[in-house]
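The residues making up each chain are set out below.
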2 protein chains.
Amino acid sequence: MTKPGKATITDIAKRVNMTTVTVSRALNRPEKVKKETLDRILEVARELNYVPNALARNLKSRESRLVGLITASLDNPFYGEIIKAISREAKKRGYSLLLFDTDGSPELEERAVDTLLSYQVSGLILSVVSDDNDYHPAYLPKLELARIPVTQIDRKLAKAPFPGVYLENTESGYQGARTLLKQGHRHILIVGGPEKSNITISRLAGIRRALDECPEPTKLDVLYGDYTQTPAREAVNAYLASGKRPDAIFGLNILIMLGTLEAIRQHGLSREDIGLFSIDQVPYADIFGEPIPCITHNTYQLGLTAINMLLRKIDDPGYQPYDEIISGELRL
Amino acid sequence: MTKPGKATITDIAKRVNMTTVTVSRALNRPEKVKKETLDRILEVARELNYVPNALARNLKSRESRLVGLITASLDNPFYGEIIKAISREAKKRGYSLLLFDTDGSPELEERAVDTLLSYQVSGLILSVVSDDNDYHPAYLPKLELARIPVTQIDRKLAKAPFPGVYLENTESGYQGARTLLKQGHRHILIVGGPEKSNITISRLAGIRRALDECPEPTKLDVLYGDYTQTPAREAVNAYLASGKRPDAIFGLNILIMLGTLEAIRQHGLSREDIGLFSIDQVPYADIFGEPIPCITHNTYQLGLTAINMLLRKIDDPGYQPYDEIISGELRL
DNA sequence: CTGTTAGCGCATTCAG
DNA sequence: CTGAATGCGCTAACAG
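Conventions adopted
Residues numbered from 1 in each chain as written. Chains lettered and ligands numbered in written order. Predicted model: local features only at pLDDT ≥ 70, side-chain atom pairs only at ≥ 80, totals over all residues. Heavy atoms only, no water. Near = heavy atom within 4 Å. Polar contact = N/O pair within 3.5 Å; in protein donor to acceptor, adjacent residues only side chain to side chain. Helix = DSSP H or I, 4+ residues; strand = E, 2+ residues; numbered from the N terminus. Nonpolar A, V, L, I, M, F, W, Y, C, P; charged D, E, K, R; others polar. Salt bridge = Lys/Arg side-chain N within 4 Å of Asp/Glu carboxyl O. Buried < 20%, exposed > 50% of the residue type's maximum accessible area, 1.4 Å probe, protein only. Contact = heavy atoms within 4.5 Å. Buried area = accessible area lost by both parts, 1.4 Å probe. Pairing = 2+ DSSP bridges. Right-handed = clockwise from strand over helix to strand, strands pointing away. Axes fitted to C-alpha atoms, helices over the stretch in contact; angles between N-to-C directions.

Per an unreviewed UniProt entry, chain A is named LacI family transcriptional regulator, and its organism is Zobellella taiwanensis.

Below, the discussion takes up the protein's contact with DNA strand C. Surveying the vicinity of DNA strand C reveals 25 residues, the closest of which are A:T22, A:R25, A:K60, B:I9 and B:Y50. A share of 63% is what sugar and phosphate atoms reach among the atoms of DNA strand C within 4 Å of the protein. Between a phosphate oxygen of DNA strand C and a side-chain N or O atom of B:S24, the distance comes to 3.0 Å. Mapped onto the surface near DNA strand C, the elements with two or more residues apiece are α2 (20–28) and α4 (54–61) of chain A together with α2 (20–28) and α4 (54–61) of chain B. With four residues, α2(B) is the largest single contributor of residues to the surface near DNA strand C. The residue inventory of the surface near DNA strand C, partitioned by class, reads nine nonpolar, seven polar and nine charged.

Within this structure, the stated rule accounts for 37 salt bridges over all chains. The residue A:R15 makes a salt bridge to A:E47 at a minimum N-O spacing of 3.1 Å. Taken as a pair, A:R15 in helix α1 (residues 9–16) and A:E47 in helix α3 (residues 35–47) lie far apart in primary sequence, 32 residues in all. Under the relative-accessibility criterion, A:E47 is labelled partly exposed at 39%. Residue B:D103 is joined to A:K84 by a salt bridge in which the shortest nitrogen-to-oxygen separation is 3.1 Å. Of this pair, B:D103 sits in the loop between β2 (96–101) and α6 (106–118) while A:K84 is found in helix α5 (residues 77–92), placing the two residues in two different chains.

If you check the shell around DNA strand D, you find 26 residues, and the closest are A:I9, A:Y50, B:T22, B:R25 and B:K60. When atoms of DNA strand D within 4 Å of the protein are sorted by moiety, sugar and phosphate together comprise 63%. B:R25 places a side-chain nitrogen or oxygen 2.4 Å from a base oxygen of DNA strand D. When contributions to the surface near DNA strand D are tallied by element, the ones reaching two or more residues are α2 and α4 of chain A together with α2 and α4 of chain B. Partitioned by chemical class, the residues of the surface near DNA strand D number nine nonpolar, eight polar and nine charged.

Okay, the interface of chain B and chain A next. Listed as interface residues are 60 residues of chain B and, on the opposing side, 60 residues of chain A. Buried area between chain B and chain A, both sides added, is near 5400 Å², and the carbon and sulfur share of it is 62%. Three residues stand out in chain B for area buried against chain A, namely B:L55, B:I287 and B:F288, and they jointly supply 14% of the buried area on that side. Where chain B packs against chain A, one counts eight salt bridges. Residue A:D101 is joined to B:K84 by a salt bridge in which the shortest nitrogen-to-oxygen separation is 3.2 Å. At the level of secondary structure, the elements contributing two or more residues to the side of chain B that touches chain A comprise α4, α5 (77–92), β2, α6, α7 (140–145) and α11 (254–266) of chain B. Among the elements that make up the side of chain B that touches chain A, the one with the highest residue count is α5(B) (seven residues).

With that out of the way, let us pick up the pairing of strand β8 (residues 248–251) of chain A. Residues and elements named next belong to chain A. A two-sided burial pattern is seen for β8, the buried positions comprising A248 and F250 on one face and I249 and G251 on the other. As paired elements, β8 and strand β9 (residues 275–279) share four bridges and run parallel to each other. Across the sheet, I249 pairs through a bridge with L276, a residue of β9. For the segment spanning β8, helix α11 (residues 254–266) and β9, crossover handedness is right-handed.

Here we have twelve strands laid out as an open sheet, ordered β11(A)-β5(A)-β4(A)-β3(A)-β1(A)-β2(A)-β2(B)-β1(B)-β3(B)-β4(B)-β5(B)-β11(B), and mixed in their pairing. In the strand order of this sheet, the two ends are held by β11 (324–326) of chain A together with β11 (324–326) of chain B, each with one partner. When the angles between neighbouring strand axes are averaged without regard to direction, this sheet yields 20 degrees. Bridge count for strand β5 (residues 164–167) of chain A against β11(A) is three bridges, and the pairing is parallel. Its bridge partner lying in β11(A), A:Y166 is registered against A:I325.

The following block contains the structure:
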């Protein structure tokens, strides 16, 4: 009955003995078409299982109703709510989501940007593989020239002109360290991300400030990693294997804290032996009756802020967004 | 320097005094263009920050290099690895991912299908909001007529002609129940999904078979829900509040088990008081030293199988995929 | 209310 | 090796 390929407005036009223009009108501005014609066209459209071709429409209108999302790892629990928020809000506003997981690879990140640009995305949310000061992705000039709205998330590119939504890192470090000090811990092990990551640097700065304020002598050890679980576990394992025993361990993100917990277990240490603190809440810890003191962030809000910033800038190119900071909340 | 809009092959053509045809060739079949011309074109292309317009290209070629993914909830941990696998493999094969979260809403699911069709996706991976026998989405005929490859995941549509990758549900139920019986539990509470969900029905069938095989008298209670955490928690809470005390609780998926754990805690019950079993592994349980016996599935493999099935069918329309079953593994 | 013309950016004939 | 012509599906002007 139906043609092999998909039906186009041309097919409909033929069937109703009209031109494509009228069909197009009927579909987009129903009020500008005579009722009978309209009905007839809609009827045939449904008969033919007509689905508008977004590619053609977008080619013409020069906007794709597509939003790109680039993230360094889809399965990082930190991003769960963020993606959910972005997806929901984008959909609500008529945008679809083109998703890229760079797996932490700068090459894939570059390819993702290229691909997104080629699809003429209306805007792009970017959480970059690295926030080191010396990470200068080659695609940056290209992205700027593309003149499409870009919103960064969590990790801030050293010198990119794009606004973003970030966490309150220094303060979180400060609060975390204070909490541990207040609990009486004096020898603290920090397990962080890359040494040159600005997030890690900021959090450490906050931590150091808290220690400086402490009247008693304190000791700080720092382990660097890459914000993922396995390296964190291995680093802590090695540290503990060397016989060192801090009073407390402060993991700078969820995955790091998970790796840390693994290491602690492997060394037969219990939660009573060692204080813990993490930035962002380890999922389900409460459910297992092992709540870990932490700074939580409303990540859904973060995602929402980012997508709203982006969509607003898409709607109004004159809008000049500024960075937004999501502040954390101490959770003991 | 550069024009406001993005550069097109026409811009490049003008700059090098050639036609778009040659430019297009240079970009796609470099070997069919004189070396000098080629170099010149590539040089100008880079100067102009040229990015091919995928919309135009795809409109012409009638294929989008886009794969759609529809899932009922992005933040369900069960889907984490699945999405990762799909994303990775798709990217590797030159496809990009258009992602939709239906939030459990049939309406959003229908809209997602429409949108995906309009973007001329090359194929579509579908995890439907409901696998009840009487869920017959209105979009089904449309989707069939679209003649694009579709692969289902986890939840199987009652009568849709699309192949899929599913879990071994009856067997998992059987193994789970046997495990609990072997541990001496005789009064078992099942917390499942919707009463009419085929997955729940199959798992229950396996469970009942195990109980039937038990020589001693057993008791089975069943609570239905919707595969998410809150309803599960509330159902179990109400159940426990009524004073009933099963020997063990068998949660039919991760979120259900999490809700169950919450309820147990709220009632001051400990892990010693009650046996537990879940289908799919509750994330991080081991890390918290509270491993929960379960049937695990290699969900990465599931995702990989699904995307490979899809891509193969895209490449070879003659290929007739059959359903694949991912079997579980008992983990005590 | 409906049609004509034209073009979005690209790539595929078919000639030269 | 390069170009002229054509059309993918859709829609904005501008008629009529």
